[in-house]
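Structure at a glance
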Amino acid sequence: MAAAGALAKHEQILVLDPPTDLKFKGPFTDVVTTNLKLRNPSDRKVCFKVKTTAPRRYCVRPNSGIIDPGSSVIVSVMLQPFDYDPNEKSKHKFMVQTTYAPPNISDMEAVWKEAKPDELMDSKLRCVFEMPNENDKLNDIDASKPTPVLNTSKQDGPMPKPHSVSLNDTETRKLVEECKRLQAEIMKLTDENRHLRDEGLRLRKVAHSDKSGSPTALALRDNGSNSLPSLLVVIAAIFIGFFLGKFIL
């Protein structure tokens, strides 16, 4: 009995959160991480290290270290992706082993090698795999949806064209002045056209009144009859080209 009492281990000095179970929530198609909080309520430094029965399935950071009095350390336990079988129970376990830190620490490996069995304290945790239920899935889907942006302004008329350009006052005045100038040119061309038409009628009368049939009268008649359409075509072409050039450019 005395030997058994001498070999009895001390009770774990650290406070673990969670205390007994490490829960991993699926799906397990990607890395799943859970945190383990280690708190030192004592007035001495405590060395710790974290072990697992499945070291290839987990990544632990940090897996060892020293916790000062009254301080805490967060240990991240990362489960690697795997094919989850709900009928298979997890047999994975973790153990947090601790010992009081000696006064002068130079080599952590030496601390653990030189520690006596009765100086070691440990706590065991089992791994629990959980799949999200339907409500959790719906909440995750709703949380991932972007929040719609409501447009409070209403438009009664048709939507504006995407390439429409609004004109300011200066451009409007320029267009009005350009229209006035074009109107003046149109009136000028109209007067010239009327003048040419009257000249053509006069030449026709001269040709009809000339009974001698002289070459001069015939030439005047031909020139009067042919000059009017050609001049009108030229004037119309100039006007159309000028007008189109202004609005296209």
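The structure presented is a predicted model; accordingly, all values stated were derived computationally and were not measured.

Attention now goes to the pattern of salt bridges. Counted by the stated rule, this structure contains 3 salt bridges. Between Asp-21 and Arg-126 there is a salt bridge whose closest N-O contact spans 3.1 Å. Here Asp-21, found in strand β2 (residues 21–25), pairs with Arg-126, found in strand β9 (residues 121–130); they are 105 residues apart in sequence, far enough to count as distant. We classify Arg-126 as partly exposed; its relative accessible area is 47%. A salt bridge links Arg-194 to Asp-191; the nearest nitrogen and oxygen atoms lie 3.0 Å apart. In this pair, Arg-194 and Asp-191 are both assigned in helix α4 (residues 169–209), 3 residues apart and thus about one turn of the helix distant.

Sheet analysis places β2 next to β9, joined by 5 bridges and oriented parallel. Each bridged residue has a counterpart across the sheet, and for Asp-21 the counterpart in β9 is Arg-126. Bridge analysis of strand β8 (residues 93–100) against β9 gives 6 bridges, and the strand direction is antiparallel. Looking at β9, one finds that Gln-97 is bridged to Asp-122.

With respect to the element layout, Thr-99 can be found in strand β8. In this structure the side chain of Thr-99 is engaged in a polar contact, spanning 3.3 Å, whose partner is the backbone oxygen of Glu-119.

Residue position: Glu-11 is located in the loop between α1 (2–7) and β1 (15–17). Glu-11 sits 110 residues away from Met-121 along the chain, and the two C-alpha atoms are 6.2 Å apart.

So, how was this worked out
Residues numbered from 1 in each chain as written. Predicted model: local features only at pLDDT ≥ 70, side-chain atom pairs only at ≥ 80, totals over all residues. Heavy atoms only, no water. Salt bridge = Lys/Arg side-chain N within 4 Å of Asp/Glu carboxyl O. Helix = DSSP H or I, 4+ residues; strand = E, 2+ residues; numbered from the N terminus. Buried < 20%, exposed > 50% of the residue type's maximum accessible area, 1.4 Å probe, protein only. Pairing = 2+ DSSP bridges. Polar contact = N/O pair within 3.5 Å; in protein donor to acceptor, adjacent residues only side chain to side chain.

Remember that the coordinates give geometry; whether it matters functionally is a separate question.
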